[in-house]
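# Observations on the model geometry
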Amino acid sequence: MTHDTVLSRETRTVVSPSNVVFGVGAVDQIGDYASLHGERVLLIATEQIFDIHGERVLSILEDAGIETMVYTDVRPDPTVENIEEAHALWADRDCDVILTFGGGSSIDTGKGVGILAANDGEIRDFGVDKAGYEGVPNPTPPLIAVNTTAGTGSEATRSVVVSDESTSTKFLIVSQNVVPDVAIEDPELSVSLPRSHTAFTGIDALTHAIEAYVSVHSYSIPDGFAEEAMKRIARSLPVAWANGDDLDARADMLVGQLQAGQAFTNSSVALVHGMARPLGAQLHIPHGLVNALILPYVVEFSAMAAPEKYATVARILGAADDDDRTRAAADEAADAVLQLCEDLSLTGYLDDFGEIPTREEYLDVVDEMTQDAIDSGSPDNNPRKPTTEEIRDLYLTLYDDALAPDSPRRS
Ligand SMILES: [Fe+2]
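Anyway, here's the lowdown on the structure attached to this text. (Residues numbered from 1 in each chain as written. Predicted model: local features only at pLDDT ≥ 70, side-chain atom pairs only at ≥ 80, totals over all residues. Heavy atoms only, no water.)

This part is about the coordination of the iron ion. Protein coordination at the iron ion: the donors are Asp 204 (OD), His 208 (NE2), His 273 (NE2) and His 287 (NE2), at 2.1 to 2.2 Å from the metal. Its 4 donor atoms give the iron ion angles of 84 to 169 degrees at the centre, a pattern that matches the irregular case. Ordering the donors of the iron ion by residue number gives the pattern D-x3-H-x64-H-x13-H. Of this pair, His 208 sits in helix 7 (residues 195-214) while His 287 is found in helix 11 (residues 287-302), placing the two residues 79 residues apart along the sequence. What makes His 287 partly exposed here is its relative accessible area of 22%. (Donors = N, O, S within 2.8 Å, 3.2 Å for Na, K, Ca; no water. Tetrahedral: all angles 85-135°; square planar, octahedral: opposite > 155°, others 65-115°. Helix = DSSP H or I, 4+ residues; strand = E, 2+ residues; numbered from the N terminus. Buried < 20%, exposed > 50% of the residue type's maximum accessible area, 1.4 Å probe, protein only.)

Encoded structure:
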C-alpha cells in the first residue's frame, strides 16, 4: 500500500498550532499575542534562558500592558514538582495566559501547567500508561510557546514528557488539547544555544523526522514534513554546530525542527524514543544525546522492515544516490546516521555528564528500562516491532559499544 492510499481509506486529523510566527524579530510579537488572550501572563523559563532574554521579554510584555508572573525553576527534563510549583503560582496569582520561553523543558512545563489548570487530577494521571492517548479531557488555557532551541518541536506537538524523580522514570502525555495556540520561532534566539545543545537538540529533531517517516502510522502529510525536515537538518546542523552565529543555518534548523515536530505529532515517534525515555531517566543525560546514542542501532535493526523509507533517509543524508538499489541504500542509513553523530562529536559529550553505571549496575536496571520502553507504546510504532528480548539486546549492545568507558565509540 502506498502512503497516499491511507487517506483514501481512513480519516486523519492534522494538528498544528493556530499561529506560527516565524523569522528574525518574531519575539517582538509576544505582547500582541498575549494581550489577544488575556492580561496576566505566567512566564515559564529556565534560569539560564531567563538570564539571557528575561529583561527583553518582560519589557515587551510590559509595553503591551501585560502583568507578568515568572517561574524560572524549570530544570532540563522537567519534573512533576516543576509542573506543580508553576501551577501553584498560576492559581495563586490568577493568571490567564501561559507563555513559555525556551526549549522543550519550558514548553512541556507550560503544557503541564495548562493540563492542571483545565482538568481535575494530578499530572501523573494523564500519562499514556494510565489515561491512554488523547487522555486529557479539556484544552489548556491559552498557551504561547517561544522556542529558543532546534529542537524538540514541542511548540507544535501533542506530547509532554515529564520526569518522575520518585521512580527515576519519565512518562509521556499525548493529547491534541496541549498543542500550543501560538508558536514563536525567532532564529536570533537560538544563536545563544551552546554548541553541545545545538548537537543534542539537532539530533533529537533528526530522530523525530526519521521516526515519523518510518512509523507504522506514517502517511503522505507527515511524510512531506519529515522529508523536508531531514534535508534541512542534514545540510544545516553541521553548519550551525560549527558556527553558532550563522543565522541562515540557525533559521534552516528552526524550520527543520518545526517540520520534524509536525511530522511526528501527526505520525508518531517509535523505538528510539521508547528506549530513550527510560535510559535518559536512569543516566540523567539530555534527551537529544540519548537519542543520538540509540539512533544508529535502531536504524540498523529496523531498516529491513521499511527499506524504501530507509533508502530515502540514506539518500537525504548523502550516503547513497538514486542509482543504488533500494536494499543497498537502506543498508547505508545506519552508518550515515552514525557518521553525522561522530561529526558532531556526540559520544564525547558523555564525559560531561558524570559517571556511567558499571555493566553490573546497568544489568540491574535493563529489564526495568525494557519494560518501561514497552509500556510507553512507542516500540509498537516501529516498522520492525521488537520483542522484549530484542529491546534488551539493543540496550546491552548500546552499553558495550557506546556507553562503557572502554567502549569502541568512546575510545
Ligand atoms: Fe525527542
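With that out of the way, let us pick up a negative patch on the surface. A contiguous patch of negative charge on the surface is contributed by Glu 47, Asp 51, Asp 73, Glu 81, Glu 84, Glu 85, Glu 122 and Asp 125. Within the residue set of the negative patch, elements represented by two or more residues are helix 2 (47-63) and helix 3 (80-92). For the negative patch, the leading source of residues is helix 3, giving 3 residues. Here Glu 85 is to be found in helix 3. (Patch = residues over 30% accessible without salt bridge, like charges linked within 9 Å, V, L, I, M, F, W, Y side chains within 5 Å. Areas by Shrake-Rupley, 256 points an atom, 1.4 Å probe, with all protein chains shown as cover. Salt bridge = Lys/Arg side-chain N within 4 Å of Asp/Glu carboxyl O. Lys, Arg positive; Asp, Glu negative; His and termini not counted. Charge placed at Lys NZ, Arg CZ, Asp CG, Glu CD.)

Glancing now at unusual backbone geometry. A positive phi is found at Ser 168, a non-glycine position, where the angle reads about 50 degrees. Structurally, the position occupied by Ser 168 is in the loop between strand 6 (159-164) and strand 7 (169-174). What makes Ser 168 partly exposed here is its relative accessible area of 30%. Positive phi values are uncommon outside glycine, yet His 284 reaches one of about 55 degrees. Within the element layout of this structure, His 284 appears in the loop between helix 10 (271-283) and helix 11. For His 284, a relative accessible area of 54% puts it in the exposed group.

On the surface, a cluster of nonpolar side chains totalling about 210 Å² of accessible area is made up of Leu 7, Val 14 and Ile 221. By the element assignment, Ile 221 lies in helix 8 (residues 220-242). For Ile 221, a relative accessible area of 36% puts it in the partly exposed group.

Right, let's get into the sheet that holds strand 3 (residues 67-71). Taking strand neighbours across the sheet as the criterion, the 6 strands line up as 1-8-5-4-2-3 in an open arrangement whose pairing is parallel. With one partner strand each, in any of the chains shown, strand 1 (19-22) and strand 3 form the two edges of the open sheet. On average, each strand axis in the sheet is inclined to that of its neighbour by 20 degrees, with strand direction left out of account. Of the strand pairs in this sheet, strand 2 (residues 40-45) and strand 3 are connected by 5 bridges, and their pairing is parallel. By the bridge assignment for strand 3, Leu 43 is matched with Val 70. (Pairing = 2+ DSSP bridges. Axes fitted to C-alpha atoms, helices over the stretch in contact; angles between N-to-C directions.)

A few words on the environment of Leu 344. By the element assignment, Leu 344 lies in the loop between helix 14 (333-343) and helix 15 (359-375). When the C-alpha positions of Leu 344 and Phe 200 are compared, they lie 9.2 Å apart, and in sequence the two are 144 residues distant. Setting aside residues up to four positions removed in sequence, Leu 344 forms contacts with Ala 199, Ile 203, Leu 237, Pro 238, Trp 241 and Tyr 349. (Contact = heavy atoms within 4.5 Å.)

Let's shift gears to helix 2. With 17 residues, helix 2 should reach 24 Å at 1.5 Å per residue; the first-to-last C-alpha distance of 23 Å fits that figure. A bend of about 65 degrees at His 53 is the largest found in helix 2. On the buried face of helix 2, the contacting elements are helix 1 (30-37), strand 2, strand 3, strand 4 (97-102) and helix 6 (187-190). Positive backbone phi, at 75 degrees, marks Gly 65, one or two positions downstream of helix 2. (Expected span 1.5 Å × (residues − 1). Bend = angle between axes of the 7 residues up to and from the residue.)

Mapped onto the secondary structure, Ser 378 falls in the loop between helix 15 and helix 16 (388-403). A residue is classified by how much of its surface remains accessible, and Ser 378, at 1% relative accessible area, is buried. Ser 378 has contacts with Val 269, Ala 270, Leu 271, Gly 274, Arg 277 and Ala 373, leaving out every residue within four places of it along the chain.

A few words now on the packing of aromatic side chains. Applying the stated criterion across every chain, the model contains 3 aromatic pairs. For the pair Phe 200 and Tyr 349, a centre-to-centre distance of 5.3 Å together with 85 degrees between the ring planes defines the contact as edge-to-face. In this pair, Phe 200 is assigned in helix 7 and Tyr 349 in the loop between helix 14 and helix 15, connecting sequence segments 149 residues apart. Using a relative accessible area of 13% as the deciding quantity, one classes Tyr 349 as buried. Pairing Phe 200 with Phe 353 gives two aromatic rings, centres 6.1 Å apart and planes at 55 degrees, and the pair type is tilted. Taken as a pair, Phe 200 in helix 7 and Phe 353 in the loop between helix 14 and helix 15 lie far apart in primary sequence, 153 residues in all. The structure contains a cluster of three or more aromatic residues connected by ring pairs, namely Phe 200, Tyr 349 and Phe 353. Positioned over the ring face of Tyr 213 is Lys 309, at 4.5 Å from the centre of the ring. (Phe/Tyr/Trp six-rings, centres within 6.5 Å; stacked < 30°, edge-to-face > 60°. Lys NZ or Arg CZ within 6 Å of the ring centre and 35° of its normal.)

All we've got here are geometric facts, nothing functional implied.
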